[in-house]
Every structure is written in C-alpha cells, then in structure tokens.
Amino acid sequence: MVVGDISTGTEVLVVGAGPGGYVAAIRAAQHGLDTTLVEKDAYGGTCLNHGCIPSKAFITASSLAHEAGHAEEMGIHANPAVDMSQMRSWKDDVVDGLTGGVEKLCKANGVNLIEGTARFKDDGAVRIEHGGEGQGSETVEFEHCIVATGSRPIQIPGFEFADDPIWSSRDALAADSVPNELVVVGAGYIGMELSTTFAKLGSDVTVVEMLDDVLPGYEDDVARVVRTHAESLGIDFHFGEGASGWSPDGDGAVVETETEDGETASYHADKVLVAVGRSPVTDTLDVANAGLEPNENGFLETDDRMRTDVEHIYAVGDVVADSPMLAHVGSKEGIVAAEHVAGEPAAYDAQAVPAAVFTDPEIGTVGMTEAEAEEAGFTPAVGQMPFNASGRAMTTGHTDGFVRVVADEDSGFVLGGQIVGPEASELVAELALAIEMGATLEDVAGTIHTHPTLAEAVMEAAENAQGQAIHTLNR
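Position numbers for residues start from 1 in each chain and track the written sequence from start to end. Where totals are concerned, whole chains, interfaces and linings use all residues; where local detail is concerned, this predicted model gives features only for residues with pLDDT of at least 70, and gives and counts side-chain atom pairs only at 80 or more. Side-chain descriptors were evaluated using all non-hydrogen atoms of the structure, hydrogens and water having been removed beforehand.

By definition, a salt bridge exists where a carboxyl oxygen of Asp or Glu is found within 4 Å of a side-chain nitrogen of Lys or Arg. On inspection of all chains with the given rule, the structure shows 16 salt bridges. Residue arginine 27 pairs with glutamate 339 through a salt bridge whose shortest N-O separation is 2.6 Å. Taken together, the residues arginine 27 in helix H1 (residues 21-30) and glutamate 339 in helix H8 (residues 327-341) connect sequence positions 312 residues apart. Across the pair glutamate 193 and lysine 56 runs a salt bridge, and its minimum N-O distance is 3.3 Å. Placement of glutamate 193 in helix H6 (residues 189-200) and of lysine 56 in helix H3 (residues 52-69) is noted, with a sequence separation of 137 residues between them. Relative accessibility under 20% of the residue-type maximum defines a buried residue, over 50% an exposed one, and the middle range a partly exposed one, all with a 1.4 Å probe and only protein chains included. With a relative accessible area of 6%, glutamate 193 lands in the buried category. Linked by salt bridges that have partners in common, Arg88, Lys91, Asp92 and Asp176 make up one network. A run of H or I in DSSP counts as a helix once it spans at least four residues, and a run of E counts as a strand once it spans at least two, with each numbered from the N terminus.

For Phe, Tyr and Trp, where Trp contributes only its six-membered ring, two rings pair if their centres lie within 6.5 Å, and the inter-plane angle classes them as stacked under 30 degrees, edge-to-face over 60, or tilted in between. Applying the stated criterion to the full structure yields three aromatic pairs. With 5.7 Å between their ring centres and 45° between their planes, tryptophan 167 and phenylalanine 198 make a pair best called tilted. Pair noted here: tryptophan 167 is in strand E8 (residues 166-167) and phenylalanine 198 is in helix H6, with a separation of 31 residues, a long-range link. A relative accessible area of 9% places tryptophan 167 in the buried class. The interplanar angle of 5° and the centroid separation of 5.5 Å between the aromatic rings of phenylalanine 237 and phenylalanine 239 together place this pair among those described as stacked. On the basis of relative accessibility, which here comes to 11%, the residue phenylalanine 237 falls in the buried class.

What follows concerns H6. A helix's residues, less one, multiplied by 1.5 Å, set its expected span. For H6, with twelve residues, the first-to-last C-alpha span of 17 Å sits near the 16 Å given by 1.5 Å per residue. The element H6 is largely enclosed, with a buried count of eleven among its twelve residues. Along H6, the residues classified as buried are Ile190, Gly191, Met192, Glu193, Leu194, Ser195, Thr196, Thr197, Phe198, Ala199 and Lys200. Glycine 202 lies just past H6 and shows a positive phi near 115°.

Before going further, it helps to spend a moment on the packing of H3 against H6. Geometry is summarised by axes, namely lines fitted to C-alpha atoms with helices restricted to the contacting stretch, and by angles between N-to-C directions that run from 0 to 180 degrees. The N-to-C vectors of H3 and H6 enclose an angle of 35°; their axes lie 8 Å apart at closest approach. Taken as a pair, H3 and H6 cross one another with a handedness that is left-handed. Contacts between H3 and H6 pair Ser55, Lys56, Phe58, Ile59, Ser62, Ser63 and His66 from the former with Glu193, Thr197 and Lys200 from the latter. Three classes are used, and their members are as follows: Ala, Val, Leu, Ile, Met, Phe, Trp, Tyr, Cys and Pro are nonpolar, Asp, Glu, Lys and Arg are charged, and the others, Gly among them, are polar. Taken together, the residues of the contact of H3 with H6 sort by class into two nonpolar, five polar and three charged. Handedness of each helix crossing follows the sense of rotation of the near helix against the far helix: counterclockwise by less than a right angle gives left-handed, clockwise gives right-handed. Residues are treated as being in contact if the distance between any of their heavy atoms lies within 4.5 Å.

Two strands qualify as a pair provided that DSSP identifies no fewer than 2 bridges between them. Taking strand neighbours across the sheet as the criterion, the five strands line up as E8-E15-E9-E10-E11 in an open arrangement whose pairing is parallel. Edge strands, defined here as strands with exactly one partner in the open sheet, are E8 and strand E11 (236-239). Of the pairings in the sheet, the one linking strand E9 (residues 181-185) to strand E10 (residues 204-209) comprises five bridges and is parallel in character. Bridge pairing in E10 places valine 183 opposite threonine 206. Contacting E8, E9, E10, E11 and strand E15 (271-274), H6 runs over the sheet at an angle of about 165° to E10.

Tracing the backbone shows aspartate 41 in the loop between strand E2 (35-39) and helix H2 (45-50). Residues aspartate 41 and alanine 17, 24 residues apart in the sequence, show an inter-C-alpha distance of 8.8 Å. The contacts of aspartate 41, once residues within four sequence positions are left out, are His50 and Arg170.

Spelled out as structure tokens, the structure:
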C-alpha cells in the first residue's frame, strides 16, 4: 500500500541531523519552539557516522597497536596482532552508541523526527520523500528553516568512488582488512590522518600531493613536525604530482601522476584513497524553489546570525560559505541560528575557533599566527616551549613538537596559539579560552598548572613570550 502525501506544519524545520542540525533542533526545542528534524541517512551525520568519531576510533586503536610494538626503549617487548574485523566492530559499536544517543536526546527534548529526503517546494514548505518502496511522501510547512545538510568527499576526474579499488574516506573507515599497499591522493588533514593510521596498521603508504608540502594552511614548522614523523613511519611522499588516472592491476591498481612540467610517474596500490577535500551538499535540496542561490562552489552565504538571503531560512555547518568545515563550528552555528529564531540576541563570533588535526603528533591551533598578527597591525610577542623540555612529555615517549603562544606585545592580550605535539587537540582549549575571555600572557603564565602535565608547556610558552621562562631558553 502506498501512503499518500500528507501535509503538516512546524515552527522550525531543520534539514540534516549532523552536528549542526541536531544541535540546532535541540536548542530550538529547548526554547519552546515546535521543531521538526529531517534526516535521510543516520542521526549524527557524517561526523558521528563516517568522519570524526570512526576516524578517531581507528586512530586510537592503530596508535595503541603501534606503540605496543615499538616500546622496547621502555622495556616493553611485544608483537601485537591486529584483527581489523574486530577493530571495525568495536568502532561500529562506538558509533552506534553515539548516534543512538543523538536520537534519544532529540526525542527527550521534544524534537519531532522525520526520516526522509527534503526538497524545497517554495520558501515556506518542503516535500519529504520517505525511503523504501511504497513509503510515500509528505509536505511540511515551516515558519523558519535551518539548512544543515553537510558535505561529501570531492571526487576527482577518473577516480569515481563507485569503482573498486578507489576509496573515499568513508570507504577507508569501513575497511575490514588492511591493504598491503595504499596510495593516498591528497596530503590535507584527512589524507594525513588516514595515511598515518594505515601505516601504523602495516600498510606501505604512498602519498601524492600537488602542492609542495603536507597540510596546506598550517605554518611550515608545524607541518614539518608531522611530515617528519610520518616519514619515520615509512610513509613515502611525492609532492608536486597530481593524480591523472589509474588502471586495473589484478585486484589493485596502478596510479599515474603528472607534474606541471609533464613528468609522469606510476605507483602500485591495493587500494587508492582519494582525500582532496569536501564539497557542500546543497544540490539535492531544490534550493532555487526557496529563492536561495548558492555560490559557484555550492555554498550558501549567511550573515552572523546564520541567515541566508531569504531571511527566515538559515544555514549552518559545512554548507556555509567562508566557514571552516569543523563539527564544532557547525554546532555553534546551529545554536546561534536556533537562538536567533527564538528571539535571542545571538551572533556568531569566529575570533576564537580552535582546529585540530589528529595526526601523530597532533596539531591544535586557534586565533592568529605571528604573521597574521603583524598583518592585523599588532606587534606580536611570541613564546615557545618545546615538548622535548617537558618532563611529562618525556615520560610518555612523545617529545616531538612545541607550544607557541602569540600575543600583543603592548597589551599582553593572547591573540593565538599553535601546538604540535602530544594531546594538542586537548591543550589548545586553554588558549581558545584565553582568547575568548580576553586573557593576557600574565594571566596564563600566572595560573598554577599541575605538575607534571603537558599543560605546563602552555604556561611555559606564555612565560617565554614575556622573557621569563624557567624551563626553556628565553627568546
């Protein structure tokens, strides 16, 4: 029996249940608004199901196996066996627990949940097509809409993800075996995280990158620490080469590359991971019917209240132009949009947005670099603390990298920070808070930090910027 098209209404319609969408829906419902959340795939979006969470699970497991097998210096001798199928099962359990939690939280806060694919009929209604034969569709009219449909991996010509052995990041995170040879196209943060993971699991990894180094957008000395460690894991880098095509070779492939000068090379692989970035998902929504016009790259322009050009339609997360594709940014934007709909004086302020790369070692950054501070008209005071001078880092066996703090020399206000080293993704929160609250170098340096901890390196870097460091030489 085919269910007919029915029509319902809601005050706030949220399209997409990723970190931007489900957070927006919960916050809107907490303000007493009748809120409906539409999701076509799985609650939690790419982050919880195919990105942030599964990748960090694999990163943790692969690092544990690698460290156990390389701890002879500590007197530990082991040769751990990796059961990739069991590792995947454990990862899936973690994911299922979190996505189930998102659904429960939405229901507990009174959010109406609808499974299906939404398309705009006009600027006041969407048609939702339910999955499965005979499931029908429905129309939902709304007073306000928040678009949170996220992003998908970018495909490059000739490397379609539907073709075996070509992997997207999603395919790599669903793997139940480790390829002997892995070619990774792209040395951005996704490519570097997964290259490191599979190298630790035993793959011979080759990375081809059109640019001249890993992690474009990060300072050279930060990227260098990560690249050097990756090379120590056996990862083979080929810079200035773009993937031009591939041909089958048994169960694997031969990847062809070409430089700007026309020089060619080829690399054999059992699997080929394409990790050259992500693009927004706005092409499935019929946005033109609502009066929305994405830019040439498919992103939606918004103001600091997350409103699009159609004032009662908002956009958050990976679909937003000039916004970093970070889950925590999407969540913050979702809160801003929901609170603005509820009449609160909410606005998005991007001055203290931390970012992390879960390579080995990790990277954590927030605010301005020294060069950006100079360009903005500040006279920067810069302090640095190497982890090889940190007692706690030495006891973990992870001493690569440093903490760097950037401040305004005249006022002492903290402007930014760059951390590359153990637990950088956690340590950067202190500097993000310092920027957000308007803290000075004196505030950070004068805060008593627990000893022995990695966090002491943040304190020492702040002291170094003042010329008062105790455990490293002052600059």
